[in-house]
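So the chains spell out like this:
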Amino acid sequence: MLFESSSDHDYETVSASEAEEELKDSGNEYSVREESSDEEATLCADERSVLEEDNDMPIVQQPGAERFPIGRPELWVAPNMEQPEFPAFTVQTGSDMEVMNNHSTLKSFIFQALSSHQMVKSILFFLFLMDYLLIITGNLAIIVVIHSNFHLRKPMYLLLSNLSFLEIWYTTSTIPNMLAGLLQDVRRISFAGCFIQFYFQFALGSTECFLLTLMGYDRLLAICKPLYYQKLMSSRVCMLLALSCWVAGFLWFLAPIALISQLPFCGPNKINHFLCDRGPLMSLSCKHDYLTEITFFAFATTMNVSTFLFILITYMYIIYTILRMSSAAGRQKAFSTCSSHLIVVSLFFGSVMFMYMRPAGHTFSQDKVVSLLYIAVTPLLNPLIYTLRNNEFKQALGKMLHQE
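Residues numbered from 1 in each chain as written. Predicted model: local features only at pLDDT ≥ 70, side-chain atom pairs only at ≥ 80, totals over all residues. Heavy atoms only, no water.

J.: Even after reading the chapter, I still don't get helix α3 (residues 118-148), so can you show me in this structure?
T.: Helix length check: α3 (31 residues) gives 45 Å between terminal C-alpha atoms against 45 Å at 1.5 Å per residue, within 8%. Lys-121, Phe-128, Asp-131, Tyr-132, Ile-135, Ile-136, Asn-139, Ile-142, Ile-143, Val-145 and Ile-146 are the residues of α3 that are buried. (Helix = DSSP H or I, 4+ residues; strand = E, 2+ residues; numbered from the N terminus. Expected span 1.5 Å × (residues − 1). Buried < 20%, exposed > 50% of the residue type's maximum accessible area, 1.4 Å probe, protein only.)

Given below as C-alpha cells:
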C-alpha cells in the first residue's frame, strides 16, 4: 500500500503505523490506494523525477526501503510494512477462472444462445434435430447402397461414400452441441472441449476441401482421358488418394489451432457464437497476437484458393472436352454427372471463403448465419444432389428396396 499526501508539495514514504498516527494528529487528507495497473502506479522512476521538478526538492528513498515488484507496476515500501496481496487482473471469478501468479486462465466458456425466447428455442431445437437426423439417415443410406452393390464400386462412388462418411462426423461435431445449448439456459463447455470441437470442425472441413478436389480430378480423368481412366484411377489408387485427403485434412490446421490455444484467455468467457470458432475465440484473448492471426489466415487462404482454383481449371477443361463431343447423349450424361459436383462445390466453397477470407470488420451475427449454411444446410443437400441426379444410383437403390 502507498500512503500519499493530498497536499501539493510534500511527498514521502512512511510506514503504516506512522501514517495512521499522522492521519489522526494532522488535518491533512490522506488517501490509501491498492495499485493493480500501470496507470495507477505511483512513485515510479519517471513520476519521481516529475515530482522533484515540480516541488524543487528531491524525493529520497528512506534507509532500508525495498523495491517490491508486483507484475508491471513498482512500489516503494518500507521494510516494516506488510506486503499487500494485490488482486489478480481478471473480470471473471469463481469456477470459470483459474488464478495463478496474478494471471488468470479461463477454465470454461459459455456459448451465446441462438435466442432468448423459449418458444423460438423450442422451434429451433425441433428443426435442427430433424435436420441432423435427415443428414445421418441420407448419408448412411448412400454408404450402404454403394457398398452393397457391386456395380457401384467405382472410384466416383467410393469417393462419394467417403464424402458421406465425412458429412456424418462433420455435423456430429457441431449440431449435437447446438441442440444441447437450446435445451439449457446457460451452455458451458470446458476449455479443452472447446478446442477439441474447434479442431475437429476444421480438420473435417479441410478434409472435405481435399475430397471435393479429388472428386473433380476423378471427373477430369473419366471425361477427358477415358482410355487411361482404369489405369490412372484404379480402386487401389482411389483409396490411397482418399486416405491422403484425410491425413492432409487432419494435419493442415493443427499448427494454427495449437497457436490459438496458447493465447492467454483472461476473460470474459462468453463466446459470441453457438460453437467454438476462430473469430470469437481470438476476440476473447487478452493479447492481440497478429502473428497467430496472420498464420491462421495464410493457412486458410492457401488451402481454399489452391483447391478451388484446381477445381475451376479442371472444370474449364471438362467443359471444353464436353463441347467437342459429337454425341448429344454423351454430352448430356457428362453434364449431368459434373453438375452435381459443381453445385456442392459452389455451396461449400462459397460459404467457407465468405467466412475465413474476408477482411476485418465483419460482425459475428453474419458468421452465425453463414455457419448454419455449411454446418446444417449443405450436408443435408449433398445426398439429395448426388442421388436425385444420378440414374445409376437410383436404380441400385430401387433394386435394394425391392429385395427387402
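J.: Before we go on, may I ask you to explain the state of the cysteines in this structure?
T.: One way to say it: the disulfide is the covalent bond shared by the sulfur atoms of two cysteines. Evaluation of the coordinates by the stated rule reveals one disulfide. Covalently, Cys-194 is tied to Cys-276 through a disulfide, its sulfur atoms 1.9 Å apart. Classification of the bridge connecting Cys-194 and Cys-276 rests on its S-S torsion, roughly -130°, and on that basis the disulfide is left-handed. Of this pair, Cys-194 sits in helix α6 (residues 191-224) while Cys-276 is found in the loop between β9 (270-271) and α10 (278-284), placing the two residues 82 residues apart along the sequence. Accessibility assignment for this pair places Cys-194 and Cys-276 in one class, buried. (Disulfide = S-S within 2.5 Å.)

J.: It is not clear to me how the confidence of the model for the protein chain should be interpreted in this structure. Could you clarify?
T.: Regions with low pLDDT carry predicted coordinates that are not meant to be interpreted in detail. Per-residue confidence for the protein chain gives a mean pLDDT of 75; residues scoring 70 or more make up 72%. Long-range and interchain partners of residues 28-47, a stretch whose pLDDT sits below 50, account for 47 contacts in this model, where long-range means more than four residues apart. Counted against residues more than four places away or in other chains, residues 50-104, with its pLDDT under 50, gives 98 contacts. (pLDDT = per-residue confidence, 0-100. Contact = heavy atoms within 4.5 Å.)

J.: What's the story with the nonpolar core in this structure? I'm lost.
T.: The tendency in soluble globular proteins is for nonpolar side chains to be buried as a group. Of all hydrophobic cores here, the largest spans 86 residues; its most connected members are Phe-109, Phe-198 and Leu-212. Ranked by residues supplied to this core, first place goes to α6 with 17 residues. Residues contacting Phe-109, with those up to four places away along its chain left out, are Arg-187, Arg-188, Ile-189, Ser-190, Phe-191, Cys-194, Phe-265, Asn-269, Ile-271, Leu-281 and Leu-284. (Core = buried A, V, L, I, M, F, W, Y, C linked by side-chain atoms within 4.5 Å.)

J.: It is not clear to me how the packing of aromatic side chains should be interpreted in this structure. Could you clarify?
T.: Given two aromatic rings, their pairing is described by the distance between the two centres and the angle made by the two planes. For the structure shown, the criterion picks out 21 aromatic pairs. With a centroid separation of 6.3 Å and an interplanar angle of 70°, the aromatic rings of Tyr-199 and Phe-250 are classed as edge-to-face. Here Tyr-199 is found in helix α6, whereas its partner Phe-250 is found in helix α8 (residues 235-252), with 51 residues between them in sequence. Here Phe-250 falls in the partly exposed class, since its relative accessible area comes to 22%. Geometrically, the ring pair formed by Phe-200 and Phe-250 is edge-to-face, given 6.1 Å between the ring centres and 80° between the ring planes. Of this pair, Phe-200 sits in helix α6 while Phe-250 sits in helix α8, placing them 50 residues apart in sequence. Since its relative accessible area comes to 37%, Phe-200 is described here as partly exposed. Here the aromatic residues Phe-109, Phe-191, Phe-195, Phe-198, Phe-202, Phe-253, Phe-265 and Phe-296 are joined through ring pairs into a cluster of three or more. (Phe/Tyr/Trp six-rings, centres within 6.5 Å; stacked < 30°, edge-to-face > 60°.)

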